[in-house]
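Structural features, examined
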Amino acid sequence: MGVTRMEEKLRAFLQRYLGQGDQKKDLVQEDDIEMLVYGACIDGSAQDIMDYGAAHPEEPFWELLKLLRPGLYGVTQEELLADDGED
């Protein structure tokens, strides 16, 4: 599966946050950006993240994580039920 256009756009948009952070524990790294790109492209929130980031440029990267939609994307009902039986 190749890289989608939305994935490319979001990754390029998020590059401005790379290295942002006052303390070492808050420093935005490439892995953080990749994690957000992956999650946003799976749950469909990529455009929402770019829109929010453009409208609120003063917000830190970590606030964008709150825009990810909770859920178990890609997990089927059968897989969830199978996991319940293993306990």
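Look up: the structure comes first, before these words.
Residues numbered from 1 in each chain as written. Predicted model: local features only at pLDDT ≥ 70, side-chain atom pairs only at ≥ 80, totals over all residues. Heavy atoms only, no water.

**Considerations on the overall build of the chain**
For clarity, the cut-off: To qualify as a helix, a DSSP run of H or I must reach at least 4 residues; to qualify as a strand, a run of E must reach at least 2; elements of each kind are numbered from the N terminus. Exposure classes here rest on a 1.4 Å probe applied to the protein chains alone. A residue is buried below 20% of its type maximum, exposed above 50%, and partly exposed in between. Here, residues are in contact when the closest pair of their heavy atoms is within 4.5 Å. Calculation of accessible area relied on Shrake-Rupley with a 1.4 Å probe; when residues are assessed, cover is drawn exclusively from the protein chains displayed.
The helix and strand inventory of the chain stands at 5 helices and 0 strands. For the chain, the sequential pattern of α-helices and β-strands runs α-α-α-α-α. Residue burial in the chain is summarised as follows: out of 87 residues, 24% are buried. Counted over contacts in the chain with a minimum sequence separation of 6, partners at least 24 positions apart contribute 61%. Accessible surface, the chain: about 6,100 Å² in total, of which carbon and sulfur atoms supply 53%.

**Quick look at the pattern of salt bridges**
For clarity, the cut-off: When a carboxyl oxygen of Asp or Glu lies within 4 Å of a side-chain nitrogen of Lys or Arg, that pair is called a salt bridge.
Under the definition given, this model contains 5 salt bridges. R11 serves as the salt-bridge partner of E7, at 3.0 Å between the closest nitrogen and oxygen. Within this pair, E7 and its partner R11 are both found in helix α1 (residues 5–14), separated by 4 residues, close to a single helical turn. For E7, a relative accessible area of 19% translates into the label buried. Across the pair K66 and E63 runs a salt bridge whose closest N-O atoms are separated by 3.1 Å. Within the structure, one salt-bridge network assembled from shared partners comprises E7, R11 and E34.

**Describing the packing of aromatic side chains**
As a reminder of what qualifies: Classification of ring pairs rests on two measures: the distance between centres of Phe, Tyr or Trp rings, Trp counted by its six-membered ring, which must be within 6.5 Å, and the angle between planes, read as stacked under 30 degrees, edge-to-face over 60 and tilted in between.
In this structure the tally under the stated criterion is 3 aromatic pairs. An angle of 55 degrees between the planes, with centres 5.9 Å apart, marks the rings of Y17 and F61 as tilted. With Y17 in the loop between α1 and α2 (30–43) and F61 in helix α4 (residues 61–64), this pair connects stretches of sequence that are 44 residues apart. When sorted by exposure, Y17 lands in the same class as F61, which is buried. Ring-pair connections join several aromatic residues into one group, and the members of that group are F13, Y17, F61 and W62.

**Details of the environment of G21**
Structurally, G21 is set in the loop between α1 and α2. Linking G21 and F61, residues 40 residues apart in sequence, is a C-alpha distance of 8.7 Å. If we ignore the near neighbours within four places in the chain, the residues touching G21 are D26 and L27.

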